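Structural overview for review
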Amino acid sequence: MTHQYLELIWYKTLSELRAESAKGYIGFLWWIIEPIIYMGVFFVIFGMVFKKGGEGFVPFLLCGLVAWKWFSSSINNSANSISKKNAGIMSQVYLPKYIFPTINVITNTIKFLVVFAFLLVSLMLAGYMPTMAWLALPVLIGVQFMLVLSLSWLVSSIVPLFPDFRLLLANIMSLLFFCSGVFFDISKVEGTLGFILKLNPVAILLDSYRTILIKGEWPEWNFLAVALCVALVVLWGGSRILRRYDRIYPKVLI
Amino acid sequence: MTEHIMGQHGDLVLRAEDVAVSYRKNAGLFNPKKFWALKDVSFDLFHGETLGVIGGNGAGKSTLLRLLAGIIAPDKGRITHDALNISLLGLSVGFISHLTGRNNAVLSGMLMGMRREEIEGKIDDIIEFAEIGEFIDEPVRSYSSGMRARLGFSVAIQADPDILLIDETLGVGDARFAKKSSRAMRQKIKSNKTIVLVSHSEKMIRRMCDRVVWIDKGVTRREGDTNSIMDEYMESMQ
């Protein structure tokens, strides 16, 4: 049964990606152009308008943005996955509801991997050569995948029950954006505040990407373990809610 | 394997006991109103039979099928069964208009519980039955609504659950294809399959169903032999 659902998740993910690229004239090129525009906006604001950072700020910013975008796009898309968008399917067939946010997460993960590959190439062209520490990247990506998946399950499980949560979510995401050090270095924040910021799993992840890619050093494993634990707890919670309301969601949507 | 779990012809396969289903109306913290689509429904379903469900508009027939398919859970009462899978004959489930007909056929079939290989193996039959031809590799958005419906039906009819739920009131394409599809449906119904059929056609019910459940405003009014219940039902409609 589970194998069947995995097959379905994979096929539907590919179908959605295919449909998305069939929509515009330049198709899947958008997967690359859109992130470039997105990053360009931040570069103009923080790099040129505020003249922040100076030397090495661009790679610093890009590492953070690429990972942040994977995180935020997945969660924003998943928030609406058990909703009108899939109501047609949910009212005609029974499917375990985790399938819907999971498809969104995998779709965004594939887009991330494409952009991330570009980031790696750009970094190498800019003189940041791979070190042994780059071997930690798959682990880091794995941890972030678990975190993205778990929060997507949680968010998607709440929105159909409390539609107002979507409004709250937009603000939570901006708060998280500013607390995660996308455009500043959290390791430079001192004292208790710095420590609290470092307990934020997203901040830990962004910092780890930079440690590996820019400094060429191994990430702090104990902090990554914290992020993974948070992910597992949230995943458990989200799956509990999704299962509890499995056959209630379609009633709310019909 | 199915036979072994489902048992012999005439065995009880599903029992609905005092089932009630409510929907939230005007959902909101300060205005929680419930609308009871089903209030008190009970009936039995036996292996290999075709059970008709009749009742006026808003009697709760569609809700009942969703309930039997396991899509929604009852608020009260219970449904017990020993079938592996029960599913609704859904039309064009999950179609994405920017994808090709072939792609949609596979996706739709998988959503209905078929395996990818299974549908890909039957794709030629699907194309032929749907009379889609070359268009199968064109995006569905270029289809007429009739073509879309034909493809949807042709995929759905391939599914082979232990208990098949059919809502015959859903229209399928033009008049000519409607004949063809209802012939295909009748073939399914006549096979030794366990079927629950919702229909507004008296003729269809009388011809196809072994027994009938009559639901009136969310409550089971009668259950039993097709002809006697249909006579009574038609009389009440006068």
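Note that the structure is a prediction, hence the values are computed from the model and not measured. (Residues numbered from 1 in each chain as written. Chains lettered and ligands numbered in written order. Predicted model: local features only at pLDDT ≥ 70, side-chain atom pairs only at ≥ 80, totals over all residues.)

All names here are of chain B. One can describe the packing of helix 4 (residues 116–130) onto helix 5 (residues 145–156) by two numbers: an axis separation of 9 Å at closest approach and a directional angle of 140°. By the angle between their axes, helix 4 is oblique relative to helix 5. Here helix 4 and helix 5 pass one another in a crossing that is right-handed. Residues Ile126, Phe129 and Ala130 of helix 4 form the contact with helix 5, whose own contacting residues are Arg150, Leu151, Ser154 and Val155. Classifying every residue of the contact of helix 4 with helix 5 by side-chain character gives five nonpolar, one polar and one charged. (Axes fitted to C-alpha atoms, helices over the stretch in contact; angles between N-to-C directions. Helix = DSSP H or I, 4+ residues; strand = E, 2+ residues; numbered from the N terminus. Parallel < 35°, antiparallel > 145°, perpendicular 65-115°, else oblique. Left-handed = near helix turned anticlockwise from the far one by under 90°. Contact = placed C-beta atoms within 7 Å. Nonpolar A, V, L, I, M, F, W, Y, C, P; charged D, E, K, R; others polar.)

Residue and element names in this part refer to chain A. Direction vectors running N to C along helix 6 (residues 137–158) and helix 10 (residues 221–244) enclose 30°, while the axes themselves pass 8 Å from each other. With respect to each other, helix 6 and helix 10 are oriented roughly parallel. Handedness of the helix 6/helix 10 crossing: left-handed. Across the interface between the two elements, Leu140, Val143, Met146, Leu147, Leu149, Ser150, Leu151, Trp153, Leu154 and Ser157 from helix 6 touch Leu224, Ala227, Leu228, Val230, Ala231, Val234, Leu235, Gly237, Gly238, Ser239, Ile241 and Leu242 from helix 10. Of the residues that constitute the contact of helix 6 with helix 10, the class distribution is 17 nonpolar, five polar and no charged.

Taken domain by domain, chain B comprises domain 1 (2–88 + 193–237) and domain 2 (92–158). Computed from C-alpha coordinates alone, the two centres of domain 1 of chain B and domain 2 of chain B are separated by 29 Å. (Domains from an automatic or database assignment.)

So, about the nonpolar core. In this structure, Ala67(A), Leu205(A), Val53(B), Leu165(B) and Val196(B) are the most contacted members of the largest nonpolar core, which totals 118 residues. Of the residues forming this core, the biggest block, 12 residues, is contributed by helix 3 (residues 57–79) of chain A. Beyond its immediate stretch of four places on either side in the chain, Val196(B) contacts Leu45(B), Leu51(B), Val53(B), Leu65(B), Leu68(B), Ile163(B) and Leu165(B). Core analysis: the next-biggest nonpolar cluster, separate from the first, contains five residues, Ala19(A), Phe95(B), Leu99(B) and Val140(B) among them. (Core = buried A, V, L, I, M, F, W, Y, C linked by C-beta atoms within 7 Å. Buried ≥ 20, exposed ≤ 12 C-beta atoms within 10 Å, placed from the backbone.)

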